[in-house]
Amino acid sequence: MKRSIVAVCFLFIVAVRAQAGPSQREQQMFDLVNRERVKAGLNQLEWNDRLASAALDHSRLLAEHQDLSHQFAGEAPLQERVGATGLRFNSVAENVAEAPDVETAHKGLMHSPGHRANILHQEYNALGISIVEHGHQLFVTQDFGHTLVSYTEKQFRDAVVTGFNRARRARSLRPIDVIIDPRLRKSACAQDMNTDKMIQGLPGAASLLVFSLSEPGTLPEDLRKLAADRTVERMNIGVCLQTGGKNGFSKFWVVTAFFRQ
């Protein structure tokens, strides 16, 4: 667990609002974080309401327990808390702090190597912050993430097919014929790895490939090899979005079957 700012706790918890954009204090801290990133030559983070919602739930627990922790008894781990908001992401991290004001909390985080590393992590593109007041103390949660573009299954499937045919055109091969196969989508949703069983139900299929992706831009090497095969003339495809789960990360499972001339 990363080191956290320690301070004295006071007497009562004030009412907390529903998360609907940053409060004045949260905006102040958000601006301070981005100021540090600009000074370090990094991209500025975007405010993310879903990360802020996950942060709010945790800040309430910080204030309730009058203690700093990244996971209290009975609380889901960070990845699951963020995944439950419906956000698509492939990495997340959290800072927690307790201090009498925003400036003190920020300085404490920047002087803590683990927290500073999160603030200046070059791969993060989004941040949600929640600050809950307890007496005269502020309990702060910063949830960082690398968020992903949201796709429907159709959009993701079409992007995979487009990328596959683009690779074929680069080798002067004609686009492949594509059939949307509900049986393969069912296997993708089940994350069925029994390719021998699946291919037996697809008469004429020469090969079958199962893989998962968070983004459709970079195709797996085995799929690129099939795109370069001039004997391949048809692809059956099924795609299923898997969200949340044990690690909270969202990704698409894809099953493809290929038929040759």
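See the structure above.
Notes on the structure follow. Quick caveat: nothing in here was measured; it's all calculated off a predicted structure. (Residues numbered from 1 in each chain as written. Predicted model: local features only at pLDDT ≥ 70, side-chain atom pairs only at ≥ 80, totals over all residues. Heavy atoms only, no water.)

**Topic: the packing of aromatic side chains**
Consideration 1: According to the stated counting rule, one finds five aromatic pairs in the structure shown.
Consideration 2: Aromatic pair phenylalanine 30 and tryptophan 47: ring centres 5.5 Å apart, planes at 85 degrees, arrangement edge-to-face. Of the two residues, phenylalanine 30 is situated in helix α1 (residues 24–39) and tryptophan 47 in strand β1 (residues 46–47); the sequence distance between them amounts to 17 residues.
Consideration 3: Grouping aromatic residues by their ring pairs yields a cluster made of Tyr151, Phe156 and Phe252.
Consideration 4: Between the NZ or CZ atom of arginine 234 and the centre of the ring of phenylalanine 259, over which it lies, the distance is 3.7 Å. (Phe/Tyr/Trp six-rings, centres within 6.5 Å; stacked < 30°, edge-to-face > 60°. Helix = DSSP H or I, 4+ residues; strand = E, 2+ residues; numbered from the N terminus. Lys NZ or Arg CZ within 6 Å of the ring centre and 35° of its normal.)

**Overview of the side chain of glutamate 75**
Consideration 1: Looking at the element boundaries, glutamate 75 is found in the loop between α2 (49–65) and α3 (78–83).
Consideration 2: With a relative accessible area of 11%, glutamate 75 lands in the buried category.
Consideration 3: At 2.7 Å, the side chain of glutamate 75 and the side chain of histidine 58 are in polar contact.
Consideration 4: Not counting residues up to four positions away in its chain, the partners in contact with glutamate 75 are His58, Leu61, His70 and Arg81. (Buried < 20%, exposed > 50% of the residue type's maximum accessible area, 1.4 Å probe, protein only. Polar contact = N/O pair within 3.5 Å; in protein donor to acceptor, adjacent residues only side chain to side chain. Contact = heavy atoms within 4.5 Å.)

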